[in-house]
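Chain by chain, the residues:
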Amino acid sequence: MLEIIQIPLLSDNYSYIIIDKNTNTTGCIDPSVAKNVVNILKKKGIGLDFILNTHHHHDHVGGNKELKEIYNCKIIGCFNDQKRIPGIDIKLKDNENYNIGDSLFKVINTPGHTIGHICFYFMDQNFLFCGDTIFSLGCGRLFEGSYEQMTESILKIRSLPDCTKIFCGHEYTESNAKFAEFLDSGDDLLKKKVSQIKRDRSMSKPTVPTLLKEEKMFNPFMKFDNSQYLDSIKIENISDVENFKKIRIMKDNF
Ligand SMILES: [Zn+2]
């Protein structure tokens, strides 16, 4: 069993401390800065055994070196991106399994936002730490990868069980919701969801984690092959990649 502590960092980043309850082994996903992570670990009276990085961007690895110095923890990242993950020790490949204590996870390569982007999927509890691949109601910008790669990456995530909890790297939900509503203003369920998001954010409550089931219903970047949806947002159904590309470019210019 994993206990998860969600840590808001910088202006809109999320890092996560994960604790395997059987063994008290700890990990930290994407520490952009060390300070708040250290404070929480101190308060709990625990150390840090692992850092898990989804990708090389500074707002995901910025705390690596300082945390490694303090805790002598091992840093886990993508084999293909080992040159860009500061302090990396454990280089994992696509589909490779690894353990945090008794908690087993699988690496899922999800290139697109960056070439070496990976997700960590803890299958026993259906927890997915997906960095900047998928956000609630959105997806990461394509800084390095192709539309083909990102479409493929999203399909991989979409094939996980509906009950998968998605722990993403940013609180972008409210602005993503504006785009989702702009595309499909006639969806009453989406309207309801957006009102809830606005209420939560007005009280500074996180809208993350989100459920894969809900993302499949509401996230425009998960519906590129849904012909009814494409009709309602007036996009011609050409192919998964072309449809995804159109939606992504519209969002980039929104
Ligand atoms: Zn990023």
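Model, not experiment: these values are computed from the prediction.

A. Main features of the overall build of the protein chain. Within the protein chain one finds nine helices and 14 strands. For 254 residues, the compact-globule estimate of 2.2 N^0.38 gives 18 Å, and the protein chain sits close to it at 18 Å. With respect to the principal axes defined by its C-alpha atoms, the protein chain has extents near 55 × 40 × 30 Å. The proportion of buried residues among the 254 residues of the protein chain is 45%. Sequence-distant contacts, at least 24 apart, represent 57% of the contacts inside the protein chain between residues at least 6 apart.

B. Fine view of the pairing of strand β13 (residues 165-168). Strand direction decides the pairing type here: strand β10 (residues 127-131) and β13, joined by four bridges, are parallel. Among the inter-strand pairings, Phe-127 is bridged to a residue of β13, identified as Lys-165. Of the pairings in the sheet, the one linking β13 to strand β14 (residues 210-211) comprises two bridges and is antiparallel in character. The partner of Ile-166 across the bridge, within β14, is Thr-210.

C. Molecular detail of helix α3 (residues 64-71). Those residues of α3 that fall on the buried side of the exposure criterion are Asn-64, Leu-67 and Tyr-71. One face of α3 carries all of its buried residues, which in axial projection span an arc of 75 degrees. Elements in contact with the buried residues of α3: β3 (25-29), α1 (35-44), β4 (50-52), α2 (58-61) and β5 (74-78). After α3 finishes, the residue Asn-72 shows a positive phi value of roughly 55 degrees.

D. Representation of the packing of helix α4 (residues 147-158) against helix α9 (residues 240-252). At a minimum axis separation of 9 Å, α4 and α9 run at an interaxial angle of 100 degrees. Classified by the angle their axes make, α4 and α9 are roughly perpendicular. Mapping the contact onto sequence places Tyr-147, Glu-148, Met-150 and Thr-151 in α4 and Asp-240, Val-241, Phe-244, Lys-245 and Arg-248 in α9. For the contact of α4 with α9, the per-class residue count stands at four nonpolar, one polar and four charged.

E. Examining helix α5 (residues 173-183) more closely. All buried positions along α5 are accounted for by Thr-173, Asn-176, Ala-177, Ala-180 and Leu-183. The buried residues of α5 occupy one face: seen down the axis, they fall within an arc of 120 degrees. Residues of α5 that are buried sit in contact with β11 (134-135), β12 (138-139), α6 (188-202) and α7 (212-218).

F. Structural context of the environment of Thr-54. Of note, Thr-54 is situated in the loop between β4 and α2. With sequence-adjacent residues up to four places away left out, Thr-54 is seen in contact with Asp-30, His-60, His-117, Ile-118, Cys-119, Phe-129, Gly-131 and Gly-169.

G. The arrangement of the sheet that holds β14 in detail. Within the open sheet, the six strands sit side by side as β7-β8-β9-β10-β13-β14. Their pairing is mixed. Here the strands that pair on one side only, and so sit at the sheet edges, are β7 (97-100) and β14.

H. Representation of the sheet that holds β4 in the model. Spatial ordering of the open sheet is given by β1-β2-β3-β4-β5-β6, a layout of six strands whose pairing is mixed. At either end of the open sheet lies a strand with only one pairing partner, and these are β1 (2-9) and β6 (90-92). On average, each strand axis in the sheet is tilted by 20 degrees relative to the strand beside it, whichever way the strands run. Relative to β4, β3 runs parallel, the two sharing three bridges. Each bridged residue has a counterpart across the sheet, and for Ile-29 the counterpart in β4 is Leu-52. Relative to β1, α1 is tilted by about 140 degrees, and along the sheet it contacts β1, β2 (13-20) and β3.

Analysis parameters
Residues numbered from 1 in each chain as written. Predicted model: local features only at pLDDT ≥ 70, side-chain atom pairs only at ≥ 80, totals over all residues. Helix = DSSP H or I, 4+ residues; strand = E, 2+ residues; numbered from the N terminus. Rg over C-alpha atoms; globule rule 2.2 N^0.38 Å. Buried ≥ 20, exposed ≤ 12 C-beta atoms within 10 Å, placed from the backbone. Contact = placed C-beta atoms within 7 Å. Pairing = 2+ DSSP bridges. Arc of directions from axis to C-beta. Axes fitted to C-alpha atoms, helices over the stretch in contact; angles between N-to-C directions. Parallel < 35°, antiparallel > 145°, perpendicular 65-115°, else oblique. Nonpolar A, V, L, I, M, F, W, Y, C, P; charged D, E, K, R; others polar.

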